[in-house]
Amino acid sequence: MNAVAATHAFARPRLGGIVLLAVPLAFLCLFFLHPLLSVLWRSVTDAQGHITFSNYARLFDDPGLPRAALHSLAIGLSTTLVTLVFGLALAMALHRSQLPGKPLIRAVLLLPMLAPSLVLGLGLVCLLGRNGLVHRLTGWPTDIYGFWGLLIANALYSLPQVVIVLSAALERTPVRHYDAAASLGAGHWRQFLDVTLPQLRFALAAAGFLVFTETLTDFGSAVVVGGNYRVLAMEIYSEVVGQLDFSMGATLGVLLLLPALLSAWLGRLAKRRQDGGEAVAGRTFSPARHPMRDVVLGIVAVVTLLPMFATVATVAYVSLVRLWPYDRSLTFAHYLGMHDGFAPVATSLGVSLLAAGVGVALIFALAAGLRSAPPRVVRAVQFLATLPAAVPGMVLGLGYVLAFNHGPLSAWLYGSAAIIAACCFYHYHAQAFLTMQAGMRRVPGALEDVVSSLGGRTRHVLRDAILPFAAPATIAGFFYLFMRSMVTLSGVIFLVTPSLGLASVSVMRLDENGFLAQAAAYAMCVVLAAALALGAMRLALHLLKDRRHVA
């Protein structure tokens, strides 16, 4: 093989390259596109399969449904506004101040990411509910159910993601802009208004749309602290589980899907503008000494993070209480004698490992296959691969029920761990795929050509050229999928069976039945498993980095 013919040999339409692209695409169509289309089809058909729009007309028969839609919109907008304000303050505290204790701030911000969203709601109920810890200790009348409880729970859950997005934008801001502003006599406040805020405008928009989408579609917090303030996610659950009305559930799902798709699309546009902005500054920004700024940001950090820590700590405390809230003596009985034993936790671990192992292999193949695909194919596949980010978990889970409870695959998939693992994987497919693609952009194209020119086949190119550079993204993708699968609730709530329970669903069931201490014990098992996975990921990435330095 001469050098010219070998140029970018991996890009040739080899059988291996075609298989790399075709297999994950087939799974994506079967386990994401097919369920999504099933929901759309069910919303416009009657029980006999005839096309009708009567399901949409029924939306106006029940005054509770339009009210739930307005509630979803109100809580989404309120949570977005609150989270952006406090998220901006925390990002400034981390990157534009000399505040001590920044590792502690980062550690507390990790807590909501290690637990299902309903854990924060559970903590708020135990802390500020009618029989909560504050009421028991002070006698003050407390009631967390409703709009304000939902707002606090959603804000605490979404805050870390806003800080991550804004922190990335702050790190990209060129330092020379601040140098130029300072040389023109601009003070710290003027620099914030004229340099920092303009540089963050697209990141703020992207973070805002992200929070709005997640809040609009979240089910966990709503079911625990929503009370009589019902939102669309709760109505879907009631229609499907309570009344077995799958047509109305699908119709509500489409109603929830439309604003989520619009918000995700706008967020993606904003992020693209942010990523397409100025490159990373050559040197790290070093904030000047400004005691008043640090004191203000420190107060905001304490006010923001203390409720977050107190909420999770309360769940941990309640899990050790003998009979909440009447007998607060400490015991490990809820861990040693769990309601259903450790089976739900073990099932969650197995499902998460399956979703992460198979999922990262499929994403690796898809991202590798796209490297040699024509641009038109790349754009189409990228759109399909990132579309799950805009689809609410409950809509995807309902789609799995409609698509796989009947038909030729139902004998293998119905009530199996595989179907739950597939739902978890495709619910979080977009972020894992983008991470893998970013990792593969580091692979030099010339290296692939060299391996091919030496007679290497597709598997040799993958092993010797791509995998060494994509290994960090592969490790990060695996643990990301594992941790998200451990904590997800909305995507799997319709797929569990009496013989196949998950830890996150057990938390919800026990809370509904008033067994708060047992629910807290299951919740802490999930938090512990996710924390161990996070530690393992960091250790693996550290060892990989050291190995490369040695090499």
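The text that follows walks through the structure, step by step, so that each part is easy to find.

Conventions used here
- Residues numbered from 1 in each chain as written.
- Predicted model: local features only at pLDDT ≥ 70, side-chain atom pairs only at ≥ 80, totals over all residues.
- Heavy atoms only, no water.
- Helix = DSSP H or I, 4+ residues; strand = E, 2+ residues; numbered from the N terminus.
- Rg over C-alpha atoms; globule rule 2.2 N^0.38 Å.
- Buried < 20%, exposed > 50% of the residue type's maximum accessible area, 1.4 Å probe, protein only.
- Contact = heavy atoms within 4.5 Å.
- Areas by Shrake-Rupley, 256 points an atom, 1.4 Å probe, with all protein chains shown as cover.
- Disulfide = S-S within 2.5 Å.
- Patch = residues over 30% accessible without salt bridge, like charges linked within 9 Å, V, L, I, M, F, W, Y side chains within 5 Å.
- Salt bridge = Lys/Arg side-chain N within 4 Å of Asp/Glu carboxyl O.
- Core = buried A, V, L, I, M, F, W, Y, C linked by side-chain atoms within 4.5 Å.
- Pairing = 2+ DSSP bridges.
- Axes fitted to C-alpha atoms, helices over the stretch in contact; angles between N-to-C directions.
- Nonpolar A, V, L, I, M, F, W, Y, C, P; charged D, E, K, R; others polar.
- Parallel < 35°, antiparallel > 145°, perpendicular 65-115°, else oblique.
- Left-handed = near helix turned anticlockwise from the far one by under 90°.
- Polar contact = N/O pair within 3.5 Å; in protein donor to acceptor, adjacent residues only side chain to side chain.
- Phe/Tyr/Trp six-rings, centres within 6.5 Å; stacked < 30°, edge-to-face > 60°.

Moving on: the overall build of the protein. Check the secondary structure of the protein and you find 25 helices and three strands. Relative to the 2.2 N^0.38 estimate, which gives 24 Å for 551 residues, the radius of gyration of the protein is 25 Å and therefore close to what a compact globule would have. Dimensions along the principal axes, computed over C-alpha positions, put the protein at roughly 80 × 70 × 50 Å. Among the 551 residues that make up the protein, the fraction classed as buried is 53%. Considering only residue pairs separated by 6 or more positions, the protein has 79% of its internal contacts joining residues 24 or more positions apart. Total accessible area computed for the protein in this model is approximately 25000 Å², and 68% of it derives from carbon and sulfur atoms.

The final tally for this structure, using the stated rule, is zero disulfides. Unpaired in terms of disulfides, Cys-423 finds its nearest cysteine sulfur in Cys-424, a separation of 6.1 Å. Look at Cys-423 and you get buried, because its relative accessible area is 0%. Cysteine Cys-525 shares no disulfide, and the gap to the nearest cysteine sulfur, in Cys-126, comes to 16 Å. Under the relative-accessibility criterion, Cys-525 is labelled buried at 14%.

A contiguous nonpolar patch, built from Leu-81, Val-85, Phe-86, Val-295, Ile-299 and Val-303 and spanning about 550 Å² of accessible area, is present on the exposed surface. Of all the secondary-structure elements, those providing two or more residues to the nonpolar patch are helix H4 (64-95) and helix H14 (291-318). Residue placement: Val-85 occurs in helix H4.

Our focus in this paragraph is the pattern of salt bridges. Considering all chains together, one arrives at six salt bridges under this definition. Asp-245 serves as the salt-bridge partner of Arg-58, at 2.5 Å between the closest nitrogen and oxygen. Pair noted here: Arg-58 is in the loop between helix H3 (54-57) and H4 and Asp-245 is in the loop between helix H12 (232-242) and helix H13 (246-275), with a separation of 187 residues, a long-range link. Under the relative-accessibility criterion, Arg-58 is labelled partly exposed at 31%.

With an omega dihedral of -5 degrees, the bond running from Trp-324 to Pro-325 counts as a cis peptide bond. Structurally, Pro-325 is set in the loop between strand S1 (321-323) and strand S2 (327-330). Phi is positive for Leu-244, close to 55 degrees, though the residue is something other than glycine. Looking at where Leu-244 falls in the secondary structure, it is placed in the loop between H12 and H13. Given the relative accessible area of 59%, Leu-244 is considered exposed.

This part is about the nonpolar core. As a rule of thumb, nonpolar side chains are buried together in soluble globular proteins. Phe-32, Tyr-400, Ile-420, Tyr-426, Ile-466, Ile-493 and Phe-494 are the most contacted members of the largest nonpolar core, which totals 137 residues. Among the elements that make up this core, the one with the highest residue count is helix H25 (residues 516-550) (16 residues). Not counting residues within four places of it along the chain, the set of residues in contact with Phe-32 comprises Phe-27, Leu-384, Leu-387, Pro-388, Val-391, Leu-396 and Tyr-426. Formed by 32 residues, the second largest nonpolar core is a distinct cluster that contains Leu-88, Ala-91, Met-92 and Leu-111.

So, about the pairing of S2. In the sheet, S1 pairs with S2 via two bridges, with the strands oriented antiparallel. When the sheet's bridge partners are listed, Leu-323 is paired in S2 with Asp-327. The hairpin turn running from S1 into S2, its antiparallel successor, is three residues long.

Closest axis-to-axis distance for the helix H16 (residues 343-370)/helix H24 (residues 503-512) pair is 8 Å, and the angle between their directions is 145 degrees. Residues Pro-344, Val-345 and Ser-348 of H16 pack against Ala-503, Ser-504 and Ser-506 of H24. Its residues assigned to classes, the contact of H16 with H24 shows three nonpolar, three polar and no charged.

Here we come to the packing of helix H9 (residues 175-183) against helix H10 (residues 188-217). Closest axis-to-axis distance for the H9/H10 pair is 10 Å, and the angle between their directions is 160 degrees. Here H10 runs roughly antiparallel to H9, going by the angle between their axes. Note on packing geometry: the crossing formed by H9 with H10 is right-handed. The segment H9 lies against H10, with His-177, Tyr-178, Ala-181 and Ala-182 engaging Gln-191, Val-195, Thr-196 and Gln-199. Residue classes in the contact of H9 with H10 are distributed as four nonpolar, four polar and no charged.

Its place among the elements puts Val-360 in helix H16. Taking the C-alpha atoms as reference, Val-360 lies 40 Å from Arg-176; in sequence the two are 184 residues apart. Those residues in contact with Val-360 that sit more than four places away from it in its chain are Ala-355, Met-436, Thr-474, Gly-477, Phe-478 and Leu-481.

Moving on to the environment of Ser-117. Relative to the helices and strands, Ser-117 resides in helix H6 (residues 117-128). Setting aside anything within four residues of it in sequence, one finds Ser-117 in contact with Tyr-157, Asp-218, Gly-220 and Ser-221. At 2.9 Å, the side chain of Ser-117 and the side chain of Asp-218 are in polar contact.

A word on the side chain of Thr-45. For Thr-45, the location among the structural elements is in the loop between helix H2 (15-43) and H3. With near-sequence residues (within four places) excluded, Thr-45 lies in contact with His-50, Ile-51, Thr-52, Asn-55 and Ser-247.

Glancing now at the packing of aromatic side chains. In total, this model carries 13 aromatic pairs according to the counting rule given. An angle of 15 degrees between the planes, with centres 6.3 Å apart, marks the rings of Phe-31 and Tyr-426 as stacked. On the criterion of sequence distance, the pair formed by Phe-31 in helix H2 and Tyr-426 in helix H20 (residues 417-427) is long-range, its members being 395 residues apart. No difference in accessibility class separates Phe-31 from Tyr-426, as the two residues are buried. Residues Tyr-400 and Phe-404 carry aromatic rings whose centres are separated by 5.3 Å and whose planes lie at 70 degrees to one another, so their mutual orientation is edge-to-face. Placement of both Tyr-400 and Phe-404 in helix H18 (residues 393-404) is noted, with a separation of four residues, approximately one turn of the helix.

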